[in-house]
Amino acid sequence: MRMSSSERLRAAVAALMQLTGDTQATLAAVLGVDQTQVSRRQSGTAAWGLDDCDAIAAHYGIDVLDLLAGPTRACETLAADRRRTVPSRRAAADEPKGARR
C-alpha cells in the first residue's frame, strides 16, 4: 500500500528528528509554535502547512522536495555533520567497565 503525502511527510520529519536527535520541542522552536502543535501534526490530528515544510527543510538544510519525497530521501540528503553520533552497541560493549560516562 502506498503512503499518502501527509504520511510520507510525517515519516520524513520523524526520521530526521531521530537521525539528528532533535525533539518535538526543538522543532517547535524552529516553527514558532509549542510542542503540542508539533505533536498534533506528527500524529496526524493536525496538518503540516507549506510554510512549515519550508521551515523544516531549511532547519535540516535540505530541499523541501527532498523532505516531501519521504524519509529515505530526506535522510539521504541530510548533511553528515547534522547527524548525531551515537556509539554503536558493539563499541559500548567493548569499553572497559567504568569507562562509560
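Refer to the structure above for everything that follows.
Peer 1: I tried to follow helix α4 (residues 50-60) on my own but got confused; where do I start?
Peer 2: The set of residues buried in α4 consists of Asp52, Cys53, Ile56, Ala57 and Tyr60. The buried residues of α4 all sit within an arc of 130 degrees when viewed along its axis, so they share a single face. Along α4, the residues that are exposed and aim more than 90 degrees away from the buried face are Asp51 and Ala58. Just downstream of α4, Gly61 is the residue with a positive phi angle, here 70 degrees.

Peer 1: For this particular structure, what's the right way to read the pattern of salt bridges?
Peer 2: It is possible for side chains of opposite charge to pair when their charged atoms get near one another. In total, this model carries two salt bridges according to the counting rule given. Its salt-bridge partner being Asp66, residue Arg73 comes within 3.0 Å of it at the nearest N-O pair. Judged by relative accessible area, Arg73 falls into the partly exposed class, the value being 41%.

Peer 1: Teacher, can you tell me more about the packing of helix α2 (residues 24-31) against α4 here?
Peer 2: Each pair of packed helices can be summarised by the angle the axes make with each other and by the distance between the axes. Two numbers describe how α2 lies on α4: the axes approach to 10 Å, and their chain directions differ by 115 degrees. When the axis of α2 is compared with that of α4, the two are roughly perpendicular. Once α2 is placed against α4, the crossing between them reads as right-handed. Of the residues in α4, those in contact with Leu27, Val30 and Leu31 of α2 are Asp52, Ala55, Ile56, His59 and Tyr60. Of the residues assigned to the contact of α2 with α4, the class counts are six nonpolar, one polar and one charged.

Peer 1: Would you mind showing me how to read the side chain of Asp22 here?
Peer 2: Its location among the elements puts Asp22 in the loop between α1 (5-20) and α2. Although buried, Asp22 forms no salt bridge, and the nearest oppositely charged side chain, Arg82, lies 4.1 Å from it. Other than its neighbours up to four places away in sequence, Asp22 contacts Met17, His59, Tyr60 and Arg82.

The rules we used
Residues numbered from 1 in each chain as written. Predicted model: local features only at pLDDT ≥ 70, side-chain atom pairs only at ≥ 80, totals over all residues. Heavy atoms only, no water. Buried < 20%, exposed > 50% of the residue type's maximum accessible area, 1.4 Å probe, protein only. Helix = DSSP H or I, 4+ residues; strand = E, 2+ residues; numbered from the N terminus. Arc of directions from axis to C-beta. Salt bridge = Lys/Arg side-chain N within 4 Å of Asp/Glu carboxyl O. Axes fitted to C-alpha atoms, helices over the stretch in contact; angles between N-to-C directions. Parallel < 35°, antiparallel > 145°, perpendicular 65-115°, else oblique. Left-handed = near helix turned anticlockwise from the far one by under 90°. Contact = heavy atoms within 4.5 Å. Nonpolar A, V, L, I, M, F, W, Y, C, P; charged D, E, K, R; others polar. Lys, Arg positive; Asp, Glu negative; His and termini not counted.

On their own, these measurements won't tell you what the molecule is for.
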